[in-house]
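# Examination of the molecular architecture
Residue-level listing of the chains:
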Amino acid sequence: MNIKIIDKRTLIVPILVSIIIFIFLGQIVYIGIRDHFYDRVRELSIHLAKGYSYSIQNSINSEFLFEQLIEDKLLLASETTAIYTQIEDRSSLVLYAQSLRVDEINLYNPQGVLVLSTMPEGTQWQTFEGHPIYDFILRPDRTMIENIRANYVTGIEYKYGYYKLENGNIIQIGLLASKINELIGVLTTDHALKDILDSNSSIALACYAQPEQNELSCLGDDLGVNNYENLIKENYINQSEVIGLVSTVDSSLYELYVPIMIDQNNVGTLILYHEMDEQNEALVQLLYVGFSVLAIMYFLLAYAYIVHFNKNKQLSEVAYIDDLTQLPNDLYLQKTFEQFKEKTDQEKSLIMLNIDEFRTINVTYGYHHGNQILVETANRLKKVLEHSQTLFRWEGDRFVFLIESDHQTDQFEFANKILQQFKQAFDIDDIKKVIRVKLGIVPLEKSISSLQQAIQKAMITLEYERLVDKDIFVFNEDIASAMIRETNIVKELQDIIEGNNQERLSLVFQPQLDLKTNKITGLEALSRLNSDQYGSINPAEFIDIAEKHYLIYDLGKVVFNKAITTINELISLGYKDIRVAVNVSGIQLLHDQFVNDLLILLKKYKLSGKHIEIEITESILMNDMQRINRTLEQLRAHEISISIDDFGTGYSSFFTISELHVDSIKINRSFVRQIYTQMDEQKMIAREIIQLAHKLGLRIVAEEVEHDKEYQYLLKHQCDCIQGYYFCRPLQSHDLYKFLGNR
Ligand code: C2E
Ligand code: MG
Ligand code: MG
């Protein structure tokens, strides 16, 4: 049998959940670290941009100063040269130029003819109209500084300065434009971009955009793009804040647009392309390590959990399996019942099996033998199990099946199959014995919400089967309410016997009329139970229950007590010869203490036995006649009279009665009723019974006399006594005193 005690979900769910959490957290960590890298890049870029904006400002300032310095140098050099006009050959002039750290010195006569030059090819060249020197000769100015321009002869670019001497001669000093640009270039924006690239190896490309001037300069790797203008996203330029994004050109690049501010004016945007390969690699490595560590931790955790799970499973199996029969036990039934009920829409039933007289087997053959019977029973029951049925050992000699079936007939079929298993005798320790079992079927309808309810119904069914001697019975509400009523009545009777609420049991008294004297000579005491739950209950019901539950003997004692109390009351009221008949059932009479207890009671109340009559029914006589007769004899020895109740219905004959110590017989109602219903007097039996009784010297009482016709007949045929509604119903004590008083 496969027992599913621990739900595997308890293992799988936490592992799944933790994996999901793990992936989720991993993602968060990954994004966190990546963003951290991006933030670092952004900070670095802002830092670079700040430096860049200083550089730009500086270069703007420095370029101007530098220009001034160069111009001053040119003028100074030309003035100095003017003082040394005695230089007449080119080689001296070259030396002189070197000492002044200038690149070119030229001397022109007042007509603009080049007379001496550091250039080998330059002499005798003459200026012409439209040339800057030509213009200078015409102007009265002593000095002139020119913007950079190409030398007319060599085509090399220079920046020139001029000085006009007193005699009209002109000195021209030139500085190579390439040298000037090199010096000024140190201060330009491009140079700043280069600085950024040099200082930061992770920057692949740095650009500076000035949309107002329509200028864009870029420095760095080509990135495979010909036209940087297409690369740069225009709408990110000239924004007031830093914008960073993963580049669309290459996902390993991170693009940053940093505004460059000078005196709180946005003068342009620095665009930096950071290579993130290194960071990404580091990130992947970090994740790899993190995942590995966590995976190991998970593996260890899962291992510990599985070990724990298996251990629990083993423990559960011990708790849920019956040691003796190896069947699932009552605990397991409790655990799985609800689940079984909800499982399918099919009709379901609980069948409880009970071994008949198992207690007797235990007592007779010992517990070991009893256990063997239980094991063998379980084995036989296992044989009938099919897919949709489960078997449990409930407790003691009880087993429970949970079955699914389509019809009630299926349940019966299954129950019969179970019974078949017990046809063959059990052969244990060489003791052969047929074991009888009873099966109580409880259809698990919607109204049954708990196992407790189903079990209770099964128990009721089994109890009912015991009473009606059946093997299989399906629970129904009628037997349930009858059983519940019985249980409650038993409880009330037990209560009364224990001396609590004794007023719930009362006696009514029905007078017996002596037909010869027309006097009341006796009374019959009849018991009434006034139940809390069910009101007045007839003795036919509760006496039967008291007998079944072995309460009748003790209850009889309470009845005798009450009867004697009333007798004493009547005696004190002057009814000195009154005799009260008390009904006694077989179990009472057969009890070995019956006579003794009754005598003790009489002694206690100082009452003579002649006031007591015992009414016994015929059926009692089927038991040990001799023993009964001895008891009757003992009673009569103490003047207690004996009456046979309901005579003529059972098995006794006048012959058996003649052998017994009996004083009177009470003719059963059927003979009395015959007097009323039968038209032909010849066919009435009552007269013969009266005559025969008289022949045996017995007093005869007719009971349940209701009609005048009956009374007249009985009177005519010399019946000694009558009892019945005809002249009085059973009366409560106080009504009885009144009734007797009136007579
Ligand atoms: P029973 O001893 O044969 O009692 C006579 C029954 O007939 C009583 O019913 C009584 O109320 C009823 N009865 C009397 N006159 C008439 C009548 O004219 N017509 C009709 N239809 N019925 C009449 P009750 O009290 O229900 O008692 C039923 C039986 O219960 C008694 O039958 C007796 O056998 C038994 N019983 C009553 N009290 C006790 C008791 O204290 N102990 C024992 N062991 N049995 C008792
Ligand atoms: Mg009676
Ligand atoms: Mg009777």
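Please read all numbers here as calculations on a predicted model, not as lab measurements.

### Points about the overall build of the protein chain
Tallying secondary structure elements over the protein chain gives 23 helices and 27 strands in all. For 743 residues, the compact-globule estimate of 2.2 N^0.38 gives 27 Å, and the protein chain exceeds it by more than 25% at 65 Å. Projected onto its principal axes, the C-alpha positions of the protein chain cover 200 × 65 × 50 Å. Buried positions account for 44% of the 743 residues belonging to the protein chain. Taking contacts inside the protein chain between residues at least 6 apart in sequence as the whole, the part at least 24 apart equals 62%. Counting only carbon and sulfur atoms, one obtains 51% of the accessible surface of the protein chain, whose full area is about 40300 Å².

### Quick look at the coordination of the magnesium ion (ligand 2)
On the protein side, the magnesium ion (ligand 2) has Glu524 (OE), Asn583 (OD1), Glu615 (OE) and Asp645 (OD) as donor atoms, found 2.0 to 2.2 Å from it. Sequence spacing of the donors to the magnesium ion (ligand 2): E-x58-N-x31-E-x29-D. The metal-metal distance between the magnesium ion (ligand 2) and the magnesium ion (ligand 3) is 4.0 Å, with Asp645 coordinating both. Taken together, the residues span a long stretch of sequence, with Glu524 in strand E20 (residues 519-531) and Asn583 in strand E22 (residues 579-583) at a distance of 59 residues.

### Thoughts on the coordination of the magnesium ion (ligand 3)
For a metal with four tetrahedral donors the ideal donor-metal-donor angle is 109.5 degrees, whereas six octahedral donors ideally subtend 90 or 180 degrees. For the magnesium ion (ligand 3), the protein coordination sphere consists of Asp645 (OD), Asp646 (OD), Glu703 (OE) and Glu703 (OE), at 2.2 to 2.4 Å. For the magnesium ion (ligand 3), the donor residues sit on a single chain with the sequence spacing D-D-x56-E. Under the relative-accessibility criterion, Asp645 is labelled buried at 7%.

### Some details on the pairing of strand E8 (residues 215-220)
Bridging between strand E7 (residues 203-210) and E8 involves 6 bridges; their strand directions are antiparallel. Its bridge partner being in E8, Tyr208 is matched across the sheet by Ser217.

### Examining the packing of helix H17 (residues 594-604) against helix H18 (residues 625-637)
Interhelical geometry of H17 versus H18 gives an angle of 15° and a closest axis separation of 10 Å. Between H17 and H18, the angle is such that the two are roughly parallel. When the axes of H17 and H18 are compared, the crossing they make is right-handed. Note on element contacts: H18 touches H17 through Thr631, Gln634 and Leu635, opposite Phe594, Val595 and Leu598. Of the residues contributing to the contact of H17 with H18, the split by class is 4 nonpolar, 2 polar and no charged.

### Brief notes about the sheet that holds E8
Here we have 5 strands laid out as an open sheet, ordered E8-E7-E11-E10-E9, and antiparallel in their pairing. Strand pairing shows two members of the sheet lacking a second neighbour, E8 and strand E9 (243-246), which therefore form its edges. Between one strand and the next, the sheet's axes are offset by a mean angle of 15°, whatever the strand orientation. Across 4 bridges, E9 lies against strand E10 (residues 253-262) in antiparallel orientation. Residue pairing across strands places Val246 opposite Tyr254, the latter belonging to E10. Helix H5 (residues 189-199) rests against E7, E8 and strand E11 (265-275) of the sheet, and its axis sits at about 155° to E7.

### Quick notes on the sheet that holds strand E13 (residues 389-395)
Reading across the sheet, the 5 strands line up as E13-E14-E12-E17-E18 and stay open at both edges, with mixed pairing between neighbours. Looking at which strands have only one partner, the edges of the open sheet turn out to be E13 and strand E18 (472-474). With strand direction ignored, the average angle separating the axes of adjacent strands in the sheet is 20°. One ladder, built from 6 bridges, connects E13 with strand E14 (residues 398-405); its direction is antiparallel. Each residue of the ladder has a partner; that of Phe392, found in E14, is Val400.

### Brief notes about the domain arrangement of the protein chain
Domain annotation of the protein chain identifies domain 1 (84-183), domain 2 (330-475) and domain 3 (490-742). For domain 1 versus domain 3, the distance between C-alpha centres works out to 168 Å.

### Structural notes on the state of the cysteines
Going through the model one piece at a time under the given rule, you end up with 1 disulfide. Each disulfide pairs two cysteine sulfurs, and for Cys207 the partner residue is Cys218, the sulfurs being separated by 2.1 Å. Between Cys207 and Cys218, the S-S torsion sits near 115°, and that sign places the bridge as right-handed. Here Cys207 is found in strand E7, whereas its partner Cys218 is found in strand E8, with 11 residues between them in sequence. Here Cys207 matches Cys218 in class, with each residue buried. The structure places no disulfide on Cys719, whose sulfur is separated from the nearest cysteine sulfur, that of Cys721, by 7.3 Å. Here Cys719 falls in the buried class, since its relative accessible area comes to 3%. Cysteine Cys728 is unpaired, with the sulfur of Cys721 as its nearest cysteine sulfur at 13 Å.

Basis of the calculations
Residues numbered from 1 in each chain as written. Chains lettered and ligands numbered in written order. Predicted model: local features only at pLDDT ≥ 70, side-chain atom pairs only at ≥ 80, totals over all residues. Heavy atoms only, no water. Helix = DSSP H or I, 4+ residues; strand = E, 2+ residues; numbered from the N terminus. Rg over C-alpha atoms; globule rule 2.2 N^0.38 Å. Buried < 20%, exposed > 50% of the residue type's maximum accessible area, 1.4 Å probe, protein only. Contact = heavy atoms within 4.5 Å. Areas by Shrake-Rupley, 256 points an atom, 1.4 Å probe, with all protein chains shown as cover. Donors = N, O, S within 2.8 Å, 3.2 Å for Na, K, Ca; no water. Pairing = 2+ DSSP bridges. Axes fitted to C-alpha atoms, helices over the stretch in contact; angles between N-to-C directions. Parallel < 35°, antiparallel > 145°, perpendicular 65-115°, else oblique. Left-handed = near helix turned anticlockwise from the far one by under 90°. Nonpolar A, V, L, I, M, F, W, Y, C, P; charged D, E, K, R; others polar. Domains from an automatic or database assignment. Disulfide = S-S within 2.5 Å.

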